[in-house]
Amino acid sequence: NAGVTQTPKFQVLKTGQSMTLQCAQDMNHNSMYWYRQDPGMGLRLIYYSASEGTTDKGEVPNGYNVSRLNKREFSLRLESAAPSQTSVYFCASSDRQRSYEQYFGPGTRLTVT
Amino acid sequence: AQSVTQLGSHVSVSEGALVLLRCNYSSSVPPYLFWYVQYPNQGLQLLLKYTSAATLVKGINGFEAEFKKSETSFHLTKPSAHMSDAAEYFCAVSGYYGGSQGNLIFGKGTKLSVKP
């Protein structure tokens with residue numbers, strides 16, 4: 001099992017450019033999450049998908065959109081990147097019916113110049 | 001609303017010394033509590049979890065945590081620190097957040113340094 005995979009690992013964007021971060025899990029989990037991690041801020045929830053076909057805003061959704069493509073895949077899109085979106089992005093998944101513990105991907109380090 | 005407070009953004013211990021990382025939570029319902037560890041340039045890895053069974057929870061790498069309801073605490077301890085324990089540690093509580101039960105609220109993290 002690969003667990004949770006994320007692509008790309010690193011990305012540099014110019015202000016105003018768009019990009020999509022990809023996430024996939026092979027654990028048959030129902031729920032998936034996108035977080036951003038900034039120094040001293042911990043992890044903040046951007047969007048989540050409690051089950052296939054649903055998505056909901058988290059704590060910091062502005063400037064982002066998501067798509068739950070199928071049970072395995074959950075993508076995060078930045079339509080017009082801003083320097084404030086420079087961060088490390090983590091995708092996670094969980095099986096809410098069994099446990100709330102989440103399994104994390106390795107992260108995407110994004111720099112917006 | 002649920003919240004998590006980790007006391008001390010940086011903790012430094014000597015190799016072989018006791019590790020104590022503090023976590024206090026607030027929750028209006030019985031919580032599930034978690035400790036995660038993040039090594040440099042990696043994702044988060046689950047260390048241990050409390051899910052309302054035993055109040056003393058043992059995790060990986062010799063870590064354990066005790067749930068104390070009266071103190072709303074879930075502190076992480078390890079009797080003897082190793083150099084390999086140097087990492088950032090995050091406490092998290094499950095909560096009813098954003099209209100949904102099952103999301104996690106994370107503390108801001110405590111960076112542990114281990115001196116030789």
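Below is a short write-up of the structure.

A few words now on the interface of chain B and chain A. At the junction of the two partners, chain B supplies 24 residues and chain A supplies 22 residues. The junction of chain B with chain A conceals about 1800 Å² of combined surface from both sides, 51% of it contributed by carbon and sulfur atoms. Summed over the shared surface of chain B and chain A, the number is 1 salt bridge. Elements represented by at least two residues in the side of chain B that touches chain A include exactly β4 (33-38), β5 (44-50), β9 (87-97) and β10 (100-106) of chain B. Examining the composition of the side of chain B that touches chain A, we find that 6 residues originate from one element, β10 of chain B, more than from any other. Class assignment of the residues belonging to the side of chain B that touches chain A gives a composition of 9 nonpolar, 12 polar and 3 charged.

This next bit is on the sheet that holds strand β8 (residues 73-78) of chain B. Residue and element names in this part refer to chain B. Spatial strand order, β1-β3-β8-β7-β6: 5 strands in an open sheet with antiparallel pairing. The outermost strands of the open sheet, each flanked by one partner alone, are β1 (3-7) and β6 (56-58). Pairwise comparison of adjacent strand axes, ignoring direction, gives a mean angle of 20° for this sheet. For strand β7 (residues 64-68) and β8, the ladder comprises 5 bridges, and the chain directions are antiparallel. Residue pairing across strands places Phe67 opposite Phe74, the latter belonging to β8.

Let us now look at the pairing of strand β4 (residues 31-38) of chain A. All names here are of chain A. Most of β4 is tucked away, with 8 of its 8 residues classed as buried. Residues Ser31, Tyr33, Tyr35 and Gln37 line one face of β4 and the alternating positions Met32, Trp34, Arg36 and Asp38 line the opposite face, and both faces are buried. Bridge analysis of β4 against strand β9 (residues 87-94) gives 7 bridges, and the strand direction is antiparallel. By the bridge assignment for β9, Tyr35 is matched with Phe90. Looking at chain direction, β4 and strand β5 (residues 42-49) are connected through 7 bridges and run antiparallel. Residue pairing in the sheet places Asp38 in a bridge with Gly42 of β5. Linking two consecutive strands that pair antiparallel, namely β4 and β5, is a turn of 3 residues; a positive phi of about 75° is found at Gly40 within it.

Conventions and cut-offs
Residues numbered from 1 in each chain as written. Chains lettered and ligands numbered in written order. Predicted model: local features only at pLDDT ≥ 70, side-chain atom pairs only at ≥ 80, totals over all residues. Heavy atoms only, no water. Contact = heavy atoms within 4.5 Å. Buried area = accessible area lost by both parts, 1.4 Å probe. Salt bridge = Lys/Arg side-chain N within 4 Å of Asp/Glu carboxyl O. Helix = DSSP H or I, 4+ residues; strand = E, 2+ residues; numbered from the N terminus. Nonpolar A, V, L, I, M, F, W, Y, C, P; charged D, E, K, R; others polar. Pairing = 2+ DSSP bridges. Axes fitted to C-alpha atoms, helices over the stretch in contact; angles between N-to-C directions. Buried < 20%, exposed > 50% of the residue type's maximum accessible area, 1.4 Å probe, protein only.

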